[in-house]
Amino acid sequence: ATNGQALLRSSSTSSLAVTIKAATAGARIGDVIIEGISFDGENKAFDGGLARPALVMGVDLDRLVIIDCQFWRSDRSGIDLLRSAGRLESNDFWDCRVSISSNDGVGLVVERNYLRESKDNGIYITRSSQNFDATIVRDNKVYTVNAQGRTETWYNTIPRYVMFSLAFKLHKKAKNAE
């Protein structure tokens, strides 16, 4: 489909929710490509049975590619990924509570996306434990309108992403020790 020609939205009172995951628990899916599709949540609430509501939810995906898509008016997330790897590139997010969310990613590249009017978070990357991540976030643009009515633009919103831990011990030297 030509970019913007395919539009997915719900005709019910609940928002559209696309979930991509294996039918077998613990299995991974590889080579998922979504290109040129518009997802419109119409600011409708998601079905209460969804643990992590999003317009597109991915679980345990390898080599995921979402490119040149549009995500509009999500009451929760535009894209929400769990334990997934791949590339989110050149997508347009508008009026989503959280544009892109990833938890326990294993090599996700988030680049050249346009985020407009995110309500809570633009790009939200988390880990549930200390592990190697390899997530790269670069060249994204975040637009918002400030209290004065001016459009603010941030480039390279997270130019460097480093996770490390530091452990040290403090010992007090005894007064009589030499």
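Attention in this report is confined to the structure presented alongside it.

What counts and how
Residues numbered from 1 in each chain as written. Predicted model: local features only at pLDDT ≥ 70, side-chain atom pairs only at ≥ 80, totals over all residues. Heavy atoms only, no water. Helix = DSSP H or I, 4+ residues; strand = E, 2+ residues; numbered from the N terminus. Contact = heavy atoms within 4.5 Å. Areas by Shrake-Rupley, 256 points an atom, 1.4 Å probe, with all protein chains shown as cover. 1 Å grid on protein atoms, 1.4 Å probe; cavity = no way out; pocket = protein on both sides within 12 Å on 5 of 7 lines; lining within 4 Å. Points joined across faces, edges and corners; volume = space filled by probe spheres on them. Nonpolar A, V, L, I, M, F, W, Y, C, P; charged D, E, K, R; others polar. Salt bridge = Lys/Arg side-chain N within 4 Å of Asp/Glu carboxyl O. Buried < 20%, exposed > 50% of the residue type's maximum accessible area, 1.4 Å probe, protein only. Pairing = 2+ DSSP bridges. Axes fitted to C-alpha atoms, helices over the stretch in contact; angles between N-to-C directions. Polar contact = N/O pair within 3.5 Å; in protein donor to acceptor, adjacent residues only side chain to side chain.

### A word on the overall build of the protein chain
Helix and strand content of the protein chain: zero helices and 19 strands. Restricting to contacts in the protein chain with at least 6 residues of sequence separation, those with at least 24 account for 50%. Of the roughly 10,600 Å² that the protein chain leaves accessible, carbon and sulfur atoms contribute 50%.

### A look at the layout of surface pockets
In this structure, the largest pocket spans a volume of roughly 170 Å³. Contributing to the lining of the largest pocket are Ala17, Thr19, Lys21, Leu50, Ala51, Arg52, Pro53, Ala54, Met57 and Val59. Here the lining of the largest pocket takes three residues from strand E6 (residues 54-59), the largest share from any one element. Split by residue class, the lining of the largest pocket holds seven nonpolar, one polar and two charged.

### Some remarks on the pattern of salt bridges
Counted according to the given criterion, the structure contains 18 salt bridges. The salt bridge partner of Glu42 is Arg9, with a shortest N-O separation of 3.7 Å. Here Arg9 lies in strand E1 (residues 6-9) and Glu42 lies in the loop between strand E5 (37-40) and E6, a separation of 33 residues in the sequence. Residue classification places Glu42 among the partly exposed residues on the basis of a relative accessible area of 23%. On the accessibility criterion, Arg9 (45% relative accessible area) is partly exposed. Residue Asp40 is joined to Arg73 by a salt bridge in which the shortest nitrogen-to-oxygen separation is 2.5 Å. On the criterion of sequence distance, the pair formed by Asp40 in strand E5 and Arg73 in the loop between strand E9 (70-72) and strand E10 (77-82) is long-range, its members being 33 residues apart. Take Arg73: its relative accessible area is 25%, and that puts it in the partly exposed class. Via salt bridges that share partners, Arg87, Glu89, Glu111, Arg112 and Arg138 belong to a single interconnected network.

### As for the sheet that holds E10
Strand order in the open sheet formed by five strands is E2-E6-E10-E13-E16, and the pairing between neighbours is parallel. For this open sheet the edge positions go to strand E2 (18-20) and strand E16 (121-126), each flanked by a neighbour on one side alone. The mean angle between the axes of side-by-side strands here comes to 5°, regardless of whether they run parallel or antiparallel. By the bridge criterion, five bridges tie E10 to strand E13 (residues 98-103) in an arrangement that is parallel. By the bridge assignment for E13, Ser77 is matched with Val98.

### Comments concerning the side chain of Asn91
Looking at where Asn91 falls in the secondary structure, it is placed in the loop between strand E11 (86-89) and strand E12 (92-94). Overall, Asn91 belongs to the buried group, its relative accessible area being 0%. Looking at Asn91, its side chain comes within polar contact range of the main-chain nitrogen of Asp68, at 3.3 Å. Ignoring sequence-local partners within four residues, the contact set of Asn91 consists of Ile66, Ile67, Asp68, Cys69, Phe71, Arg112, Asn113 and Tyr114.

### Focus on the environment of Ile33
On the secondary structure map, Ile33 appears in strand E4 (residues 33-35). Classification of Ile33 by relative accessible area gives exposed; the value is 59%. Through-space distance from the C-alpha of Ile33 to that of Ile66 is 5.9 Å; in sequence the pair is 33 residues apart.

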